[in-house]
Amino acid sequence: MITVENVDKHYGDFHALKGIDLEIESGSLTALLGPSGSGKSTLLRVIAGLEIPTSGRVILDGKDVTNLAPQQRGIGFVFQHYAAFKHMTVRDNVAFGLKVRKKPKTEIKDKVDELLRVVGLDGYQQRYPSQLSGGQRQRMALARALAIEPAVLLLDEPFGALDAKVRAELRTWLRRLHDEVHVTTVLVTHDQEEALDVADTIAVMDAGQIAQTGGPRELYDAPVSDFVMSFLGPVARLGEALVRPHDLELSVDARDGALEAQVVRVVHLGFEVRVELLLAQAGEGAEPVVAQITRAEEQALELSAGDIVWVRPVLAAA
Amino acid sequence: MLEQSRSTRITLRCVALAYLALLLGIPVGLVLYRTFEHGVGAVWDSVTTPAAIHAFSLTLEIAAIAVPLNTVLGILTALVLVRGRIRGKAILEAIVDLPFAISPVVVGLALILVYGRIGWFGPWLADHGIAIIFSLPGMVLATVFVSLPFVAREVSPVLREIGDEQEQAAATLGASSWQTFWRVTLPAIRWGVAYGVVLTVARCIGEFGAVSVVSGKIAGQTETLTLLVEKRFTNFDLAGAYAASALLAIIALATLLAMTRLNPRKDH
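Residues numbered from 1 in each chain as written. Chains lettered and ligands numbered in written order. Predicted model: local features only at pLDDT ≥ 70, side-chain atom pairs only at ≥ 80, totals over all residues. Heavy atoms only, no water.

> Please provide a residue-by-residue account of the overall build of chain A, values included.
A count of helical and extended segments in chain A gives nine helices and 17 strands. When its C-alpha atoms are laid out on the principal axes, chain A stretches across 80 × 45 × 30 Å. With 318 residues in all, chain A has 48% of them scored as buried. Residue pairs in contact within chain A that sit at least 24 positions apart in sequence constitute 62% of those at least 6 positions apart. A total accessible area of about 14,600 Å² is found for chain A, and carbon and sulfur atoms account for 49% of it. The distance from the centre of the 34 positive side-chain charges to the centre of the 45 negative ones in chain A is 12 Å. (Helix = DSSP H or I, 4+ residues; strand = E, 2+ residues; numbered from the N terminus. Buried < 20%, exposed > 50% of the residue type's maximum accessible area, 1.4 Å probe, protein only. Contact = heavy atoms within 4.5 Å. Areas by Shrake-Rupley, 256 points an atom, 1.4 Å probe, with all protein chains shown as cover. Lys, Arg positive; Asp, Glu negative; His and termini not counted. Charge placed at Lys NZ, Arg CZ, Asp CG, Glu CD.)

This is how it looks when you write it as structure tokens:
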């Protein structure tokens, strides 16, 4: 279990972390989610010992490690840009942590071979990092971090430098790997889809503070603030209220609490239909509101561009 | 400029080659030609006189002290300049470049002012029987000073380019700073170090001005190869001067070759 207690971090005048309190369950996969500059990477580096907090404490499995060097924390860290040892083969990269611990050679070899099998790089032992693709390099970096059997695995935007397809593959793979290895994992990301897809728990960060912590569903359904809501998925602004596009109800006649709007565009996306609306009360140049409805609903309404409709939040979600 | 025309390309190449030939190729080639003009035997005799052998070994001796010293100090300086979080980095940068800015002759004179008979430490050193000026320690000091910046200047940009993520990764994997340096940092900067060492060696064996001032040019005692070349040249022993020059050129070439063969593995 990782406990972060009232951690503050200043860089000169910049207040990067403001009184962070966070508990991370053993064996869980937690995502620190936030926009860039929200302090999520700084928090991860404080847990790793790569940054020393200005005040506050970090406790790993009941032990206060605030003043311990990263070497002594028993952590595995994966960097966004891999931080591969370029002059070493894949085998030597993965073996690094074991070699500096002076483990017996045969033990190192077996362990490295096993890990490379786990991450799907068996047969690449003699390659150099420059001969691997980005996704392969990151899997090598993961094997390297796992080799020392860390109590905690920390991933700093691990898929940030990869293209969208590899990214989606790797996060599915990471989730499966986590279910096998069960190491407490903290993942930093700015991609809400990645966080929702992979993590058991998400801590949403904003301007150096934790805005909300909870399961993906809890955060999506019951966000505590407009910030959390708009960061965790698409939103539509209806007057003062923020609503999810799929929680909007359209009708051709005026109903209680509904606002008048004109259809700008109807986009058919298979089962789902996206309707772009311009609210009558909105001023010139306002962003259209997007409503997401099913094909059946759309067929019942028979919408086309220019129609006038009434829009309100679905009652259950209001 | 998407595509250079053929004639532009050829002209550019000719200009570059002519420039190199005029400044480097022809003079060096001429030295080698003049050296072996009268056969290898004469050259051999000329470089195996007692004075020549002594000059040769003295040059190597000075380089053997100055190069390792400046290599270690240069790497340390580069680490402090790039990775260190200290005040006064700009001042340190300027100090590192000082030997480039100051004429070697001035360096020699400065050393005499500090360690010479009438210098600051001169009387004290004389009382204790320690000779620095007009002897080996002074020549080593002068050589160390003039060849100080090379390793630091070659290593700094490489350190900056590789960044510190690999070092941080090593730390999270449990490596001590010492292990990180030997296993991660040094292999990553080794080409910068190698190039810096080559330049340092070249400067050490080729140094003339500063060494000339502090050595006293005592034949068979404080005469390095470059000083020998000058002496033979001024004494109208042109063949002897060419032979000693050729020896200098051969040492320089040998260092270059040794460095390129040192670690031929490619990792890029």
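> Describe in detail the confidence of the model for chain B, supporting the description with residues and values.
Residue and element names in this part refer to chain B. Looking at chain B as a whole, the pLDDT averages 87, with 96% of positions reaching at least 70. Per-element confidence in chain B ranges from a low mean pLDDT of 81 for helix α6 (residues 122-127) to a high of 94 for helix α9 (residues 165-172). Scored by ipTM, the complex comes to 0.82, with pTM at 0.80. (pLDDT = per-residue confidence, 0-100.)

> How would you summarise the pairing of strand β8 (residues 184-189) of chain A if you had to cite specific residues and measurements?
Residue and element names in this part refer to chain A. Buried residues dominate β8, accounting for six of its six residues. Here β8 shows a buried face lined by Thr184, Val186 and Val188 and a second buried face lined by Thr185, Leu187 and Thr189. Bridge count between strand β3 (residues 29-33) and β8: five bridges; the pairing is parallel. Along β8, the bridge assignment pairs Leu32 with Val188. Pairing analysis gives five bridges linking strand β7 (residues 152-156) to β8, with the strands arranged parallel. The residue bridging Leu153 from the neighbouring strand is Thr185, located in β8. (Pairing = 2+ DSSP bridges.)

> Requested: an account of the interface of chain B and chain A, with residues and values cited.
Taken together, the contacts link 21 residues of chain B with 25 residues of chain A. A buried area of about 2,000 Å², summed over both sides, lies between chain B and chain A, and 59% of it is on carbon and sulfur atoms. Looking only at chain B, the three residues that lose the most surface to chain A are Thr172, Leu173 and Arg183 of chain B, adding up to 34% of its buried area. Here chain B and chain A share zero salt bridges between them. Where chain B packs against chain A, one counts five residue pairs in polar contact (both at pLDDT 80 or more). Counting residues per element, the ones that place at least two in the side of chain B that touches chain A are α9 and α10 (177-206) of chain B. Classifying every residue of the side of chain B that touches chain A by side-chain character gives eight nonpolar, eight polar and five charged. (Buried area = accessible area lost by both parts, 1.4 Å probe. Salt bridge = Lys/Arg side-chain N within 4 Å of Asp/Glu carboxyl O. Polar contact = N/O pair within 3.5 Å; in protein donor to acceptor, adjacent residues only side chain to side chain. Nonpolar A, V, L, I, M, F, W, Y, C, P; charged D, E, K, R; others polar.)

> Would you mind going over the sheet that holds strand β5 (residues 63-64) of chain A in detail, with residue names and values included?
Residue and element names in this part refer to chain A. Read across the open sheet, the four strands follow the order β2-β1-β4-β5; overall the sheet is antiparallel. Because the sheet does not close on itself, it has two edges, and the strands there are β2 (14-24) and β5. Pairing between strand β4 (residues 55-60) and β5: two bridges, direction antiparallel. Bridge pairing in β5 links Ile59 to Asp64.

> Could you give an account of unusual backbone geometry, with specific residues and numbers?
Its identity is not glycine, yet Asn6 of chain A carries a phi of approximately 50°, on the positive side. In this structure, Phe236 of chain B is a non-glycine residue whose phi angle is positive, near 65°. Along the chain, Phe236 of chain B falls in the loop between α12 (225-234) and α13 (238-262). Given the relative accessible area of 76%, Phe236 of chain B is considered exposed.

> If you had to explain the sheet that holds strand β9 (residues 201-206) of chain A to someone new, which residues and values would you point to?
Residue and element names in this part refer to chain A. With mixed pairing, the six strands of this open sheet are ordered in space as β6-β7-β8-β3-β9-β10. Among the strands making up the open sheet, the edge pair consists of β6 (75-78) and β10 (209-214). The average undirected angle you get between the axes of adjacent strands in this sheet is 15°. Alignment of β3 against β9, held across four bridges, turns out to be parallel. Across the sheet, residue Leu33 finds its bridge partner in β9, namely Val204. (Axes fitted to C-alpha atoms, helices over the stretch in contact; angles between N-to-C directions.)

> Lay out the pattern of salt bridges in plain terms, naming residues and giving numbers.
All names here are of chain A. Counted under the stated rule, the structure contains 29 salt bridges over all chains. When the shortest N-O distance is used, the salt bridge between Asp113 and Arg91 registers 3.1 Å. Taken together, the residues Asp113 in helix α3 (residues 105-118) and Arg91 in helix α2 (residues 90-100) connect sequence positions 22 residues apart. Assessed through its relative accessible area of 14%, Asp113 is described here as buried. The salt bridge involving Arg171 is made with Asp197; its shortest N-O contact spans 2.8 Å. Here Arg171, found in helix α5 (residues 164-181), pairs with Asp197, found in helix α6 (residues 192-198); they are 26 residues apart in sequence, far enough to count as distant. In this structure Asp197 comes out as partly exposed when scored by relative accessible area, which is 42%. One salt-bridge network, held together by shared partners, links Glu249, Asp253, Arg255 and Arg312.

> Got a sec to walk through the nonpolar core? Specific residues and values, please.
If you look at the biggest cluster of nonpolar residues, it comprises 45 residues, and the most contacted ones within it are Ile75, Val155, Ile189, Val193, Val197 and Leu225 of chain B. Put simply, the parts of the chain that give this core at least two residues each are α3 (50-83), α5 (104-115), α7 (136-146), α8 (149-162), α10, α11 (209-215), α12 and α13 of chain B. Apart from residues no more than four positions distant in its own chain, Val193 of chain B is found in contact with Thr71, Ile75, Val155 and Leu186 of chain B. Counting 43 residues, the second largest nonpolar core, distinct from the first, contains Leu33, Ala147, Leu177 and Ile202 of chain A. (Core = buried A, V, L, I, M, F, W, Y, C linked by side-chain atoms within 4.5 Å.)

> Tell me what's going on with the packing of aromatic side chains, and back it up with residues and numbers.
Counted under the stated rule, the structure contains eight aromatic pairs over all chains. Where Phe77 of chain A meets Phe79 of chain A, the ring centres are 4.7 Å apart and the plane angle is 50°; that geometry is what we call tilted. Side by side, Phe77 of chain A and Phe79 of chain A carry an identical accessibility label, which is buried. Where Phe100 of chain B meets Phe150 of chain B, the ring centres are 5.3 Å apart and the plane angle is 75°; that geometry is what we call edge-to-face. In this pair, Phe100 of chain B sits in helix α4 (residues 89-101) while Phe150 of chain B sits in helix α8, placing the two residues 50 residues apart along the sequence. Sitting above the plane of the Phe85 of chain A ring, Arg144 of chain A keeps its charged end 4.4 Å from the centroid. Directly above the ring of Tyr220 of chain A sits Arg244 of chain A, whose terminal nitrogen or CZ lies 4.0 Å from the centroid. (Phe/Tyr/Trp six-rings, centres within 6.5 Å; stacked < 30°, edge-to-face > 60°. Lys NZ or Arg CZ within 6 Å of the ring centre and 35° of its normal.)

> Describe the pairing of strand β14 (residues 259-269) of chain A, naming the residues involved and giving the relevant values.
All names here are of chain A. One ladder, built from four bridges, connects β14 with strand β17 (residues 308-313); its direction is antiparallel. Looking at the pairing, Gln262 lines up with Ile308 of β17. Taken together, the eight bridges between β14 and strand β15 (residues 272-279) define a ladder with antiparallel strand orientation. The residue bridging Val263 from the neighbouring strand is Leu277, located in β15. Joining the antiparallel neighbours β14 and β15 is a turn of two residues, in which Gly270 adopts a positive phi near 70°.

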